Amino acid sequence: MSDNTVDATLTEDFGTGGAAPLHGFTLTVVDADAGSGAGAPKSFAISAERCSIGSASNNDVVIEDPTLSRYHCELRVDARGARVRDLGSRNGTFVDGTRVLEAFLKGGSLLRMGRPQLRFDLAADTHRPRLSAATRFGALVGTSVPMRAAFALLERAAGSDATVLLEGETGTGKGAAAEAIHHNGARAAAPFLVVDCAALPAPLLESELFGHERGAFTGADTRRVGAFEEADGGTIFLDEIGELPAELQPKLLRVLESREIRRLGQNAYRTVDVRVIAATHRDLRAEVNAGRFRADLYFRLAVLRVTMPALRQRPEDLPAIAEQILTGFGARHPRARELLTPELTARLAHAAWPGNVRELRNYLERCVVLEEPLPLDGAPASPGAAAATPQVDAAQPYADARDGAIEAFERAYVEALLRLHKGNVSAAARAAGITRVYLYRLLGRHGLTPR
C-alpha cells in the first residue's frame, strides 16, 4: 500500500448482506503551500467510510500546517452521501467558500481548513462496509446495517487485547458493549470493573482508580486497593472518560504506557495486567482541539474506535430491542410482552428518543407498571398522524442550540425520573442505569431536589 492511501479497514472478508456499496474518494491538495515538505503527498485515496484530517500524526490524512488544528475535520461516506464535519477546529472548515459545522459534499467541492485547500472527488470504484453476520453481541441486539457494522468491530475488539474507545450518544449501549467485549474475550474469567469518571471529584477518583495507603490524606483510615489493582488480569471500563479531570490525565497516560500504578501515599510502582476500555459521549478530538483533553492520552485510548449508533439511525431495530426489554421485565410482570402490539411498535418508530435505548427502557417500564401504552412525547398518537416538530431557533449557532436542547432534555428527564420514582434517588438511578452520585450531580447542575 502506498503512503498516500488510507487502509480500507471496512472492506475485509466479512458479511456484507444488506449494505449498499459505498464510493471511495480522493482528496487532492490544490493549495501549493500546503503539505509542501519534502516528499509530502499531493493526493490521498480513501477507501474507508471515515477519514479524519489534521496535523496530528494519527489522522488518516496528515497535513503539517500551523493553521490546521490537531484534529480539524472528519469526512464520512454512507448511504446518504458524503459529508464533512468540523471537529471544533481553531480556524474553521469551509466548503466552497462557506464556513460549515457539517455539510454534504459533491464531486469537485473545495475544502479549506485554515490555509490548506483540498478538492474532494468521488472515486469510480465502490466497496461494501464490513458487517457482522450476527444480530446479537452480548446484551446488544440489532439487524440494521449500522448495528451490524458496530458488531463487526466489537467482535474484532473481543478477539484482541487492544485498548478500545467506545463513542456515541448517551444511552446507546456503550456499557453493554464494553461488558460484551470482556465476556467474549480471553479475559472473560477475570474481573470486569467499571469506574464512572464523571461521578467523583478528582481526589476521590484518583483513589478509586489507583488506591491509597492509610494516612495518605485526611479520612484515609485504612488502606484501599484501587480499581486497576482489583481488575488485575481482567478489564477496567472507564465510563465517561471525557470528564476525566486534567490533573489525572497524565497519571492515566502513564498507566496506559507502562502498565504501572502507584497508590496515593506510596512511593513504589506496581505492575498491573489490565485491559482498558473507555467510553465517552463527547468527541475527544474536539476536546483535544479545545485544550480540555491531552492529545497523547487520546492517541493511547483510540487504538480501536467503535461508534455506537443512535437509535434514530436504526429504527428497524426497535421491535427487537423492545421485545428484549419487555422480556426482561417479564420476571416481575408476566404480561409485559402483551404490550408489544403492532400499534405500539409503529408509534415507537416515530419518536425521537434523544436518550436512545435507555430512554426507551424507561418508557416501556412505565407502560409495564401502569399496564397500558402511554403517550409518547414527540410521537404521533397514531401511525398516520404527523410527528411533532421540535422548536428550534435557527438564529443561534448550531453548537449553542444543541447544548441548549441537551440541557433542556437533561432537566426534563431528571424531573420525570424523580416523579416516576416518588423522589427515591436510589431507585431512580437504578432505573436510569446511572450511579446515585451522577444523578445527584445532575440534580445539582439543574438546581433540583429529590423531593
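Below you will find a few notes about this structure. Everything numeric here is computed off the predicted structure, so don't read it as measured data.

Attention now moves to the overall build of the chain. A tally of helices and strands in the chain yields 13 helices and 23 strands. Among the 451 residues that make up the chain, the fraction classed as buried is 45%. Sequence-distant contacts in the chain: of pairs separated by 6 or more residues, those separated by 24 or more amount to 62%.

As a further point, take the sheet that holds strand E4 (residues 50-54). With mixed pairing, the 5 strands of this open sheet are ordered in space as E5-E4-E6-E7-E10. Here the strands that pair on one side only, and so sit at the sheet edges, are strand E5 (61-62) and strand E10 (102-105). Pairing between strand E6 (residues 73-78) and strand E7 (residues 81-86): 6 bridges, direction antiparallel. When the bridges of E7 are listed, Leu75 appears paired with Val84.

With that settled, the discussion passes to helix H1 (residues 145-158). The end-to-end C-alpha distance of H1, which contains 14 residues, comes to 20 Å, matching closely the 20 Å that a straight helix rising 1.5 Å per residue would cover. Residues of H1 that are buried sit in contact with strand E13 (136-137), strand E14 (140-141), strand E15 (164-167), helix H2 (174-183), strand E22 (275-280) and strand E23 (304-307).

Next up on the list: the packing of aromatic side chains. In this structure the tally under the stated criterion is 7 aromatic pairs. With 6.4 Å between their ring centres and 35 degrees between their planes, Phe137 and Phe151 make a pair best called tilted. With Phe137 in strand E13 and Phe151 in helix H1, this pair connects stretches of sequence that are 14 residues apart. Since its relative accessible area comes to 5%, Phe137 is described here as buried. Both rings, one in Phe210 and one in Phe228, keep their centres 5.8 Å apart while their planes meet at 15 degrees; by these two values the pair is stacked. Of this pair, Phe210 sits in helix H3 (residues 202-210) while Phe228 is found in helix H4 (residues 227-230), placing the two residues 18 residues apart along the sequence.

Let's shift gears to the packing of helix H12 (residues 425-432) against helix H13 (residues 436-445). Axis separation between H12 and H13 bottoms out at 9 Å; the angle between their running directions is 105 degrees. Relative to H13, the element H12 is oriented roughly perpendicular. Where H12 approaches H13, its residues Val425, Ser426, Ala428 and Ala429 are matched on the opposing element by Arg436, Leu439 and Tyr440. Classifying every residue of the contact of H12 with H13 gives 5 nonpolar, 1 polar and 1 charged.

The rules behind these values
- Residues numbered from 1 in each chain as written.
- Predicted model: local features only at pLDDT ≥ 70, side-chain atom pairs only at ≥ 80, totals over all residues.
- Heavy atoms only, no water.
- Helix = DSSP H or I, 4+ residues; strand = E, 2+ residues; numbered from the N terminus.
- Buried < 20%, exposed > 50% of the residue type's maximum accessible area, 1.4 Å probe, protein only.
- Contact = heavy atoms within 4.5 Å.
- Pairing = 2+ DSSP bridges.
- Expected span 1.5 Å × (residues − 1).
- Phe/Tyr/Trp six-rings, centres within 6.5 Å; stacked < 30°, edge-to-face > 60°.
- Axes fitted to C-alpha atoms, helices over the stretch in contact; angles between N-to-C directions.
- Parallel < 35°, antiparallel > 145°, perpendicular 65-115°, else oblique.
- Nonpolar A, V, L, I, M, F, W, Y, C, P; charged D, E, K, R; others polar.

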